[in-house]
Amino acid sequence: MAQPQKPIGIYYEHPEWFKPLFAELDRRGLPYEKIDAAHHLFDPAETESRYSLVVNRMSSSAYLRGHGQGIFHTAGFATHLERIGTRIINGSAATSIETNKARQLSLFASLGLKYPKSFVVNHASRIADAARQLQFPIVVKVNIGGSGAGIIRFDTLEGVEAAVAANQIDLGIDQTALVQEYVTPRGGNIHRVETLDGKFLYAMKVFTTGESFNLCPAEICQIPEEPAAEFCLTEAPKKGIQVEAFTPPAEVIEAVERIVAAAKIDVGGIEYLIDDQTGDVLFYDVNALSNFVADAVNVVGFDPYARFVDYLESQLPAPAAAKAPVAEAAVASVTE
């Protein structure tokens, strides 16, 4: 007799993004438990998890909702789960890449892939030093971002120096940032390639105005200037952002699959643009959190949540056989 299946743990922080995932799990009757990543505790002495599988859906933009502590806590929780042998979707390696843009650039470099010329700083006093070695315009990006937050554009060195002198630049929750050349994307669009189980799932072109950096292309989320009015543009086109599905060139798909393999990302999205001046493909962001595009059936032709849950089912451990009672086992031994 098989023992009852432990629930799947869905470790998440955003209150709205994962409703389609929960709906698909409910539809299939799969046991799962919601784990609040913003208010969590775990026992490092435990040797067995209560979950058959844990799905890590922690967001790097959590600090925008007052949950920055969850970002750092997740690293320890993921490491703990791996130590006790619990399968975690997007584990500690994926988390370390998702939450560190400096690591992302190093990953691109290690794979021989191009990205916008950048420097990494850990103090605002070094931003101007980095800027002098770049072509303007430039952007300063916080190391732990999310939804395009914490990006500032400068058109002149004088502007950089004035902002630094006035203490107007916040380097974010880990006080680390990229100083990066701003690249005009060809066609006014950026590209997001979604992957599942290390393979290409679908891709989208997102057409931007070039005026706002507060954009996360896959789920079409935008953070307005007023934090209290935060909303997610999961309705996409009717909110004024044009999105279209497309198939990237084979060499781009191959590069994306190499990125997610190196980052150990089970499900995630890679963003790139095409430099309007040079035609180069420039990678610029790695996301281990994919909410998928809204109205996916109409946009990309299928429901990615259904495929995601197919994958989760494939990762569940085989049901363990229940141990026979001691008395019955003894009788069986005598009979033999």
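Scroll up for the structure.
Not measured: the values here are computed from a predicted model.

Another point: unusual backbone geometry. Cis geometry is found at the peptide bond from F136 to P137, where omega equals 5°. Of note, P137 is situated in the loop between α5 (127-131) and β6 (138-142). Positive phi, close to 60°, is recorded for N167, a residue that is not glycine. By secondary structure assignment, the location of N167 is in the loop between α6 (157-165) and β8 (177-181). On the accessibility criterion, N167 (66% relative accessible area) is exposed.

Moving on, we come to the sheet that holds strand β2 (residues 32-36). Ordered by their spatial adjacency, 4 strands build an open sheet running β2-β1-β3-β4, and the pairing between neighbours is parallel. Of all strands in the sheet, those with a lone pairing partner are β2 and β4 (88-89), marking the two edges.

Moving on to helix α1 (residues 19-28). Along α1, the residues that are buried comprise L21, F22, E24 and L25. Along the long axis of α1, the arc covered by the buried residues comes to 160°, so they all point the same way. Exposed residues on α1 whose side chains face more than 90 degrees from its buried face are D26 and R27.

Here the focus is empty space enclosed by the protein. This structure, assessed with the given rule, holds 2 cavities of 30 Å³ or more. Its volume calculated, the second largest cavity comes out at about 100 Å³. Every element with two or more residues in the lining of the second largest cavity is listed here: α2 (68-83) and α3 (92-98). Take the lining of the second largest cavity: its biggest share by element is 3 residues, from α3.

The next thing to look at is the sheet that holds β6. Taken together, 4 strands build an open sheet; the order of strands is β5-β8-β6-β7 and the sheet is antiparallel. Here the strands that pair on one side only, and so sit at the sheet edges, are β5 (118-121) and β7 (151-154). Within the sheet, the average angular offset between the axes of one strand and its neighbour, ignoring direction, is 20°. As paired elements, β5 and β8 share 4 bridges and run antiparallel to each other. Residue pairing across strands places S118 opposite Q180, the latter belonging to β8. Packing of helix α4 (residues 101-110) onto the sheet brings it into contact with β5, β6 and β8, and relative to β8 it is tilted by some 50°.

Moving on to the pattern of salt bridges. Throughout the structure, instances matching the rule amount to 19 salt bridges. E48 serves as the salt-bridge partner of K6, at 2.6 Å between the closest nitrogen and oxygen. Here K6, found in the segment before β1 (8-12), pairs with E48, found in the loop between β2 and β3 (53-57); they are 42 residues apart in sequence, far enough to count as distant. Here E48 falls in the exposed class, since its relative accessible area comes to 55%. Between R126 and D129 there is a salt bridge; the shortest N-O distance is 2.7 Å. Classification of R126 by relative accessible area gives partly exposed; the value is 47%. A relative accessible area of 30% means that D129 is categorised as partly exposed. Connected through shared salt-bridge partners, E24, R27, R28, D310 and E313 make up one network.

Here the focus is the packing of aromatic side chains. Scanning all chains against the criterion turns up 13 aromatic pairs. Geometrically, the ring pair formed by F42 and F77 is tilted, given 5.4 Å between the ring centres and 40° between the ring planes. Placement of F42 in the loop between β2 and β3 and of F77 in helix α2 is noted, with a sequence separation of 35 residues between them. A residue is classified by how much of its surface remains accessible, and F42, at 25% relative accessible area, is partly exposed. Judged by centre distance (6.4 Å) and plane angle (50°), the rings of Y202 and F292 are tilted. Here the residue Y202 occupies a position in strand β10 (residues 199-207), and F292 occupies one in the loop between β15 (281-287) and α8 (296-299), the gap between them amounting to 90 residues. Overall, the relative accessible area of 4% leaves Y202 in the buried class. We classify F292 as buried; its relative accessible area is 2%. Through a chain of ring-to-ring contacts, the aromatic side chains of Y12, W17, F18, F22 and Y32 assemble into a single cluster. Seen from the ring of F22, K34 lies directly overhead, with NZ or CZ sitting 4.5 Å from the centre.

Attention now moves to the nonpolar core. In terms of nonpolar packing, the biggest core is built from 36 residues, with I10, L21, Y202, F308 and L312 touching the most fellow members. Looking at this core, the elements that each hand over two or more residues are β1, α1, β3, β9 (189-196), β10, β14 (267-274), β15 and α9 (304-315). Among the elements that take part in this core, α9 stands out by supplying 5 residues, more than any other. Once residues within four sequence positions are removed from consideration, Y202 is found in contact with R192, V193, E194, F292, V293, V300, F302 and P304.

Definitions and limits used
- Residues numbered from 1 in each chain as written.
- Predicted model: local features only at pLDDT ≥ 70, side-chain atom pairs only at ≥ 80, totals over all residues.
- Heavy atoms only, no water.
- Helix = DSSP H or I, 4+ residues; strand = E, 2+ residues; numbered from the N terminus.
- Buried < 20%, exposed > 50% of the residue type's maximum accessible area, 1.4 Å probe, protein only.
- Pairing = 2+ DSSP bridges.
- Arc of directions from axis to C-beta.
- 1 Å grid on protein atoms, 1.4 Å probe; cavity = no way out; pocket = protein on both sides within 12 Å on 5 of 7 lines; lining within 4 Å.
- Points joined across faces, edges and corners; volume = space filled by probe spheres on them.
- Axes fitted to C-alpha atoms, helices over the stretch in contact; angles between N-to-C directions.
- Contact = heavy atoms within 4.5 Å.
- Salt bridge = Lys/Arg side-chain N within 4 Å of Asp/Glu carboxyl O.
- Phe/Tyr/Trp six-rings, centres within 6.5 Å; stacked < 30°, edge-to-face > 60°.
- Lys NZ or Arg CZ within 6 Å of the ring centre and 35° of its normal.
- Core = buried A, V, L, I, M, F, W, Y, C linked by side-chain atoms within 4.5 Å.

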